[in-house]
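Structure at a glance
Here's the letter readout for the chains.
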Amino acid sequence: MFRRDPIPPGEAVEILLDGQPISARRGDSVAGALLAGGVTRFRDSVVSGAPRAPYCLMGTCFECLMTIDGVANRQACLVTVEPGMRITRQSGAPSLLPEAET
Amino acid sequence: MDQHDITVIGGGLVGSAVALGLAETGLRVLVLDGEDLSRRASRANFGLVWVSGKGLGTPDYARWSFEAARIWPGFARDLEARSGVSLSLDQPGGYSFGLSIGELDGIIAEMTHITEETDGEGAPWRMVSRAELVREIPGIGPDVAGAVHGSADGHLNALRLFHALHRAGAAAGVTYRAHHAVTQIEPSSAGFRLRGDWGQITTPRVVLAAGTETERLAPMVGLAAPLKRSRGQIVVTERVSGRLPFLSAIIRQTDEGSVMIGDSDEGDTDALAGNPEIAALLAARAIRVYPPLARLNMVRSWTGFRVKPRDGIPIYGQSRSCPGAYVVLCHSGVTLAALHARRIAPQIAEGAAQIGPAAFSSERFHVPA
Amino acid sequence: MSAQLPDTAELVIIGAGPAGMAAAIEARAAGAEVMLLDETPAAGGQIWRAVGTAPEARKALLGKEYAAGAALVSDFAACGAHHASGVSVWGVMPDGTGPIHVGVSESGAAGMIETRAVILATGAQERPLPVPGWTLPGVMGAGAAQIALKSGGLLPEGRCVLAGVGPLLYLLADQLLRAGVTPAALVETPSPRRRAALPHLPDFLRTPAFLKGAGLIARVRRRIPVITGAEALEITGESRAEALRYRRAGSWHEIPADLVLLHAGVVPSLNLAVAAGVPTRWNAVLRCFEPETDAAGATDLPGLFIAGDGAGIGGAERALPSGRRAAQAALAQLGREVDPLAAAEAQRQWHRADRGRAFIDRWFAPPPSLLAPQGETIACRCEEVPASAIRDAARLGAPGPNQIKTYLRCGMGPCQGRMCAASVTEIMADESGRDPADLGHLRFRTPVRPLSLAELAQLPAGEAARRAALGDAALPETPLPLPDRSS
């Protein structure tokens, strides 16, 4: 859906989405970095399981909820990338018990 | 307004259950309800069908609650069929946890007392030692000293109960009118004249089920319904997958996956805004009971005003001085909904002098002249 | 709580957009001690998002108005306000005439700040446009695409269609064209108030916005197909957007699209104000609820002020004097002196910036039919409540949106009603024939942002709260048993 403009980019930072490396730029929001990395599905709805992706990118819609560094349901558009950040997609609601998570 | 035989003031869980039961006896029922932002306990309750601990000092209340729990499965099936709304009634039994030996001893003493007062006719319960609890609830917090488990306790989706009662009522012919808060009741030759800023109507008979407003309305028709102010605050988490391995009166998981954490009892405030200090303590207690909850996000918190009779016991009755006027008031709008529809409404329909157990009579508050 | 945040402040400003920054500069000039809280990493708000760090080339393609924000950002940086970025505010809790408590969360730790005055400068959000298929990946707000461009230099890839109504559609199309992206089409819905706009045209013609806007619309129309009069919109696709369909003069047309950018104007961000207890009023022209304030932004709650778009949509230029006026009102309440000349000047600026708004507000008004969906179209995205269920529930005779919420859970998900509150009111209004002003809206409550129970549990609590929450029982003195987050 998105590509980066040709303006010289900032410093590259690598993050992991479901274990796969994605190249981000320092200062990116997690949501922005994933969109630039070609990610279209951010999570599956907790009600029907339908795929969802960011709608507002400003903290309003809560569509970009992801598990970031082990913490579930964080708004990816409000979190700035850090090198090595581990991001996982949530399929349905996050688990009550940590051991049930993969 | 439409032709009707009886008017129920209040469209909450109590009023809607009574209205449905009245309509099922063949009466034409009118429900007068208030505004969207009127104080409504029905939209702010915890969803328990709960027996344990109820009725200390009033064994009829313990028996009445237990009876409600027993008839709930049949009532739920019927209500679901009529409304098309699923209630997710689940009665797995519920725990009351003690976070110290002292607290646990207090719970056990109360339960023992109720059992003695009801001659064993109350709901069965058992003591659960810490060792047993660790086996029954993997992940139970290190601070939990033990618990009592009541076998009749359960819960349901209270929001959908509210929806189902309204829907089934409409299907049974109940006429529901919002924006009709009643501020004045006057006995008249044709029954009762009900007034509000919307105008007035005359009704042959009237049931007061207007929650906290009932206290003000009851004396207009010779009834008494003194209440105790009690604000409750609860905390609700996001939906989570996986089931909470227990039900308790302060922590429950809805069928949709949210965990509800209750609840405060505040007698000194009329404000609606929640108090984050109280939410913090409720959260802390819940985490001590079941530490995995710490990771969940709270997405909502709300406060509600309990419809709490001064002595905690339901208030039912027909007015002696104004026959045809009834009161149905209680704190357990969910638990007792089945009995309000199935027992109380038919008694009102036939004009019984005594409504429900004698101990619940509104006359207990009458001061002898 | 984090070491960065003190637990008291003379004046707290929430939001680092035009209104918040202008308010901070004004209050600092009068000597007040100011703490400005903002959830984004850098000052600028959404309108000037990342302007402090954007490369010159990106500023050039985003246009002069964007680049101009850099000056205010640097004035703000130099004004001496304590700017706490990356802090989310979950509640503003006034206590009658006493202090106001501001609930904050930073890096997973919650805390409270006690202050005597708060200016909410939380701006606007895009008005949700609940059309069939709007929950599919590949459908976003036009404002979201603009934020992606400002903050990360992201440009739409593949076929991109802009749809809806509002000046932002043209502004974004122009910015994309400058960046070398040619949208496949701009599909405009009819505005029902264009006739009502005409009497305000002369005023608008005298503003710089007229020349700028006319040029911009002409440029966009020369370069991409602009389809007007689309009565209905829908997005189709299996697991992501594949096409935008629109109905025009009764027949449906389809434009293949990888990215559909919807827009129907912006509305005040209400959650914090409403949760704090500020009443709202219905603005029939802008078709949205606004918090009740006086001209300077003072609410009925002592010490609580609202500035900028959060008090009523007026755009960035009007937000600047709005921020100054709110700061002046707050300063007066704090017992500090306000220069009467400065007050008069801010008022004059406000009126100058307001000129032409009456025309724009009406000319770009969204059609109500688009805001009150039918059938299976999802109104509440979090709980996936379709419009049909809301209509059905409204027919039971519910007194207002909050009873619908009880019936159906719309507004109970993580966004807490931000994305559906307007639709629930619009659908009820459509179904019942009642005025939105009478129906009201979903009630918002503290916390307006999710907090983990662990965070919440560590907030300090006093003895009265302890009695209310726990009765005679006490909690153990041992540390809370918190599970390991890294598991």
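If you're wondering where the values come from, they're calculated on a predicted model, not measured in any experiment. (Residues numbered from 1 in each chain as written. Chains lettered and ligands numbered in written order. Predicted model: local features only at pLDDT ≥ 70, side-chain atom pairs only at ≥ 80, totals over all residues. Heavy atoms only, no water.)

1. What about the overall build of chain C?
Looking only at helices and strands, one finds 19 helices and 23 strands in chain C. Its C-alpha atoms give chain C a radius of gyration of 23 Å, near enough to 23 Å, the size a compact globule of 487 residues would have. Seen through its C-alpha atoms, chain C measures out along the principal axes to roughly 70 × 55 × 45 Å. By the burial criterion, 60% of the 487 residues in chain C qualify as buried. (Helix = DSSP H or I, 4+ residues; strand = E, 2+ residues; numbered from the N terminus. Rg over C-alpha atoms; globule rule 2.2 N^0.38 Å. Buried < 20%, exposed > 50% of the residue type's maximum accessible area, 1.4 Å probe, protein only.)

2. Details of the overall build of chain A
Helix and strand counts for chain A stand at 1 helix and 9 strands. Moving toward the C terminus, one meets the helices and strands of chain A in the order β-β-β-α-β-β-β-β-β-β. The C-alpha atoms of chain A give a radius of gyration of 13 Å, which matches the 13 Å a tight globule of 102 residues would have. On the principal axes, the C-alpha backbone points of chain A span a range of 45 × 25 × 20 Å. Scored against the burial criterion, the 102 residues of chain A give a buried share of 57%. About 3,900 Å² of surface is accessible on chain A, with carbon and sulfur atoms providing 50% of the total. (Areas by Shrake-Rupley, 256 points an atom, 1.4 Å probe, with all protein chains shown as cover.)

3. A short note on the pattern of salt bridges
Residue and element names in this part refer to chain C. Per the counting criterion, the structure on display carries 60 salt bridges over all chains. In this structure, D392 engages R395 in a salt bridge whose closest nitrogen and oxygen atoms are separated by 3.3 Å. For D392, a relative accessible area of 30% puts it in the partly exposed group. With a relative accessible area of 53%, R395 lands in the exposed category. Note that R395 and E431 form a salt bridge whose closest N and O atoms lie 3.0 Å from each other. Of this pair, R395 sits in the loop between α14 (387-394) and α15 (401-408) while E431 is found in helix α16 (residues 421-432), placing the two residues 36 residues apart along the sequence. (Salt bridge = Lys/Arg side-chain N within 4 Å of Asp/Glu carboxyl O.)

4. A closer look at the domain arrangement of chain C
Residues and elements named next belong to chain C. Each domain of chain C was delimited in the assignment, giving domain 1 (8-123 + 269-338), domain 2 (127-265) and domain 3 (372-439). If you average the C-alpha positions of domain 2 and of domain 3, the two centres end up 26 Å apart. Across the boundary between the two partners, domain 2 contributes 6 residues, which contact 8 residues of domain 3. For the pair domain 2 and domain 3, the summed buried area comes to about 670 Å², and 62% of that belongs to carbon and sulfur atoms. Together, P128, P130 and W134 form the three largest contributors to the area buried by domain 2 at its contact with domain 3, with a combined 68%. Put simply, domain 2 and domain 3 have 0 salt bridges between them. At the boundary of domain 2 with domain 3, the tally comes to 2 residue pairs in polar contact (both at pLDDT 80 or more). Residue composition of the side of domain 2 that touches domain 3, by class: 5 nonpolar, 1 polar and no charged. (Domains from an automatic or database assignment. Contact = heavy atoms within 4.5 Å. Buried area = accessible area lost by both parts, 1.4 Å probe. Polar contact = N/O pair within 3.5 Å; in protein donor to acceptor, adjacent residues only side chain to side chain. Nonpolar A, V, L, I, M, F, W, Y, C, P; charged D, E, K, R; others polar.)

5. Concerning the sheet that holds strand β9 (residues 90-91) of chain A
Hydrogen bonds along the backbone pair up the strands of a sheet, which may run parallel or antiparallel. Residue and element names in this part refer to chain A. What the 3 strands build is an open sheet, ordered β5-β4-β9; its pairing is mixed. Edge positions in the sheet fall to β5 (51-52) and β9, since each of these pairs with one other strand and no more. Of the strand pairs in this sheet, strand β4 (residues 43-44) and β5 are connected by 2 bridges, and their pairing is antiparallel. Each residue of the ladder has a partner; that of D44, found in β5, is P51. (Pairing = 2+ DSSP bridges.)

6. Some points on helix α2 (residues 59-83) of chain B
Residue and element names in this part refer to chain B. With 25 residues, α2 should reach 36 Å at 1.5 Å per residue; the first-to-last C-alpha distance of 34 Å fits that figure. Of all the bends found along α2, the most pronounced is centred on W72 and spans about 45°, while P73, a proline, follows it within four residues. Phi turns positive one or two residues past the end of α2, at G84, with a value near 75°. (Expected span 1.5 Å × (residues − 1). Bend = angle between axes of the 7 residues up to and from the residue.)

7. Things to note about the side chain of T303(B)
Residue and element names in this part refer to chain B. Inspection of the secondary structure puts T303 in strand β17 (residues 297-305). Relative accessible area serves as the criterion here: at 6%, T303 is assigned to the buried category. Those residues within four positions of T303 in sequence are excluded, and the remaining contacts are A44, R231, G232, Q233, L272, A273 and G274.

8. Considerations on the interface of chain A and chain C
If you look at the interface, chain A gives 36 residues, while chain C gives 48 residues. Ranking the residues of chain A by area buried against chain C places M1(A), F2(A) and Y55(A) at the top, with a combined share of 23%. Our count for the chain A to chain C interface comes out at 3 salt bridges. Residue D5(A) pairs with R58(C) through a salt bridge whose shortest N-O separation is 2.8 Å.

9. Looking at the pairing of strand β19 (residues 315-318) of chain B
Every other side chain in a regular strand lies on the same face of the sheet, so the side chains alternate between the two faces. Residues and elements named next belong to chain B. Alternating residues of β19 divide into I315 and G317 and Y316 and Q318, and every residue in both groups is buried. Pairing of β19 with strand β20 (residues 325-329), which is carried by 4 bridges, proceeds in the antiparallel orientation. Within β20, the residue paired with Y316 across the bridge is V328. Counting the residues in the hairpin turn of β19 and β20 gives 6 residues, including G324, whose phi is positive at 100°.

10. Some words on the UniProt feature "domain: FAD/NAD(P)-binding" (unreviewed entry) in chain C
The UniProt record marks residues 10-321 of chain C with the feature "domain: FAD/NAD(P)-binding" (unreviewed entry), using the residue numbering of this structure. Between the first and last C-alpha atoms of residues 10-321 of chain C the distance is 21 Å; the span itself is 30% helix and 31% strand. (UniProt positions renumbered as here; feature names shortened; annotations may be inferred.)

11. Some words on the UniProt feature "domain: SoxA A3" (unreviewed entry) in chain C
Mapped onto this structure's residue numbering, the UniProt feature "domain: SoxA A3" (unreviewed entry) falls at residues 384-457 of chain C. Spanning residues 384-457 of chain C, this segment combines 50% helix with 5% strand, and its end C-alpha atoms are found 31 Å apart.

12. Quick look at the packing of aromatic side chains
In total, this model carries 14 aromatic pairs over all chains according to the counting rule given. Look at Y316(B) and F360(B): their rings are 5.5 Å apart centre to centre, the planes differ by 70°, and that puts the pair in the edge-to-face class. Of this pair, Y316(B) sits in strand β19 while F360(B) sits in the segment after α8 (337-349), and the two are 44 residues apart along the sequence. The same class applies to Y316(B) as to F360(B), namely buried. Grouping aromatic residues by their ring pairs yields a cluster made of Y61(B), W64(B), Y316(B) and F360(B). Sitting over the face of the ring of F364(C), R194(C) holds its NZ or CZ atom 5.8 Å from the ring centroid. Here the guanidinium or amino end of R381(C) rests over the ring plane of W134(C), the centre of that ring lying 4.6 Å away. (Phe/Tyr/Trp six-rings, centres within 6.5 Å; stacked < 30°, edge-to-face > 60°. Lys NZ or Arg CZ within 6 Å of the ring centre and 35° of its normal.)

13. Notes on the sheet that holds strand β3 (residues 20-25) of chain A
Residue and element names in this part refer to chain A. Spatial strand order, β3-β2-β8-β6-β7: 5 strands in an open sheet with mixed pairing. Both edges of this open sheet fall to β3 and β7 (71-75), since each of them pairs with a single strand only. Sheet twist, expressed as the mean angle between neighbouring strand axes with direction ignored, is 40°. Strand direction decides the pairing type here: strand β2 (residues 12-17) and strand β8 (residues 86-88), joined by 2 bridges, are parallel. Its bridge partner being in β8, L16 is matched across the sheet by R86. (Axes fitted to C-alpha atoms, helices over the stretch in contact; angles between N-to-C directions.)

14. Section: the side chain of Q75(A)
Within the secondary structure layout, Q75(A) lies in strand β7. Residue Q75(A) is classed as buried on the basis of its relative accessible area, which comes to 10%. Sequence-distant contacts of Q75(A), defined by excluding residues within four places in its chain, comprise G59(A), T60(A), F62(A), C64(A), L65(A) and R449(C).

15. Comments concerning the packing of helix α1 (residues 18-29) of chain C against helix α3 (residues 64-78) of chain C
Residue and element names in this part refer to chain C. In contact at an axis separation of 9 Å, α1 and α3 are set at 40° when each is read in the N-to-C sense. As far as their axial angle goes, α3 and α1 are oblique. Crossing handedness for the pair α1 and α3: left-handed. Together, P18, M21, A24 and I25 of α1 and L72, V73, D75 and F76 of α3 make up the contact between the two elements. (Parallel < 35°, antiparallel > 145°, perpendicular 65-115°, else oblique. Left-handed = near helix turned anticlockwise from the far one by under 90°.)

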